[in-house]
Amino acid sequence: MVQRYIRKTLMYLIPAAGVIGMAIPGTAGADSGQLLPPIVEFSAQNGGYVGAKIVNQNDRGVCWAENADTGAVFTIGAQFHDFGVEESVAGPGATQHKSLDVDKNGPVRVVGRCAEHLPPAGDDPSASASEVVTVEVTGASVPLFGSSG
């Protein structure tokens, strides 16, 4: 008799506990403090450059684009003016268009990042990144080595 009572009680309690468990993860993520990654569009540009459109969809922090392998930040503007890193970030709700001179032909791995400050500390809980994208660069000038004659 006691076992039947326990089984019936558990039958009603387990589904209720499941509903509560599903609601808790949704609220925990909202309090994490992590910024959303930027919305980025990368494209190959003439002359060995990779272009980036960087959209900061957050209400705080800064976002930028960089070479995923070297960490070089996109700092070149539309008129090929080289801006400082601080001027190359997209602030809250802003969009930036920047380029990176990769000075070589071939695949380049690039990524968009957001953090409270640039550059983020390795343990910055607010930092986020987009997926790494590979862009095929063509048209870079080929350096000349050796001598002729």
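The model shown is predicted, which means the values in this text are computed figures rather than measured ones. (Residues numbered from 1 in each chain as written. Predicted model: local features only at pLDDT ≥ 70, side-chain atom pairs only at ≥ 80, totals over all residues. Heavy atoms only, no water.)

**Considering the state of the cysteines**
What counts here: Disulfide: a pair of cysteine sulfur atoms within 2.5 Å of each other. Numbering goes from the N terminus for both helices and strands, where a helix is a DSSP run of H or I of at least four residues and a strand is a run of E of at least two. Using a 1.4 Å probe on the protein chains alone, a residue whose accessible area is under 20% of its type maximum counts as buried, one over 50% counts as exposed, and one in between counts as partly exposed.
Scanning the model with the defined rule gives 1 disulfide in all. In this model cysteine 63 forms its disulfide with cysteine 114; the gap between the sulfur atoms is 1.8 Å. Disulfide cysteine 63-cysteine 114: torsion about the S-S bond near 100 degrees, hence right-handed. In this pair, cysteine 63 is assigned in strand 3 (residues 62-67) and cysteine 114 in strand 5 (residues 106-115), connecting sequence segments 51 residues apart. Each member of the pair, cysteine 63 together with cysteine 114, is buried.

**Here's the deal with the pairing of strand 3**
As a reminder of what qualifies: Two strands pair if DSSP finds at least two bridges between them.
For strand 3, the tally of buried residues reaches 6 of 6 residues, placing the bulk of the element in the interior. As defined by bridge partners, strand 3 adjoins strand 5 across 6 bridges and the pair is classed as antiparallel. Each bridged residue has a counterpart across the sheet, and for alanine 65 the counterpart in strand 5 is glycine 112.

**Quick notes on the nonpolar core**
Most often, soluble globular proteins have nonpolar side chains that are buried together. We count it as follows: Within this scheme, the nonpolar core is defined by two criteria: the residues are buried Ala, Val, Leu, Ile, Met, Phe, Trp, Tyr or Cys, and they are joined through side-chain atoms within 4.5 Å. By the convention used here, residues are in contact when the closest approach between their heavy atoms is within 4.5 Å.
Counting residues in each nonpolar core, the largest one holds 17 residues, and the members touching the most others are Phe42, Val50, Ile54, Phe74 and Val110. Mapped onto this core, the elements with two or more residues apiece are strand 1 (39-45), strand 2 (49-55), strand 3, strand 5 and strand 7 (133-137). Once residues lying within four places of it in the same chain are set aside, the contact partners of phenylalanine 42 are Val50, Gly51, Ala52, Ala65, Phe74, Val110, Val111, Gly112, Val133 and Val135. Membership of the second largest hydrophobic core comes to 5 residues, among which are Val62, Trp64, Val89 and Ala115.

**A short note on unusual backbone geometry**
One non-glycine residue with positive phi stands out, namely aspartate 103, at about 55 degrees. Inspection of the secondary structure puts aspartate 103 in the loop between strand 4 (95-101) and strand 5. Take aspartate 103: its relative accessible area is 51%, and that puts it in the exposed class.

By themselves these figures say nothing about function.
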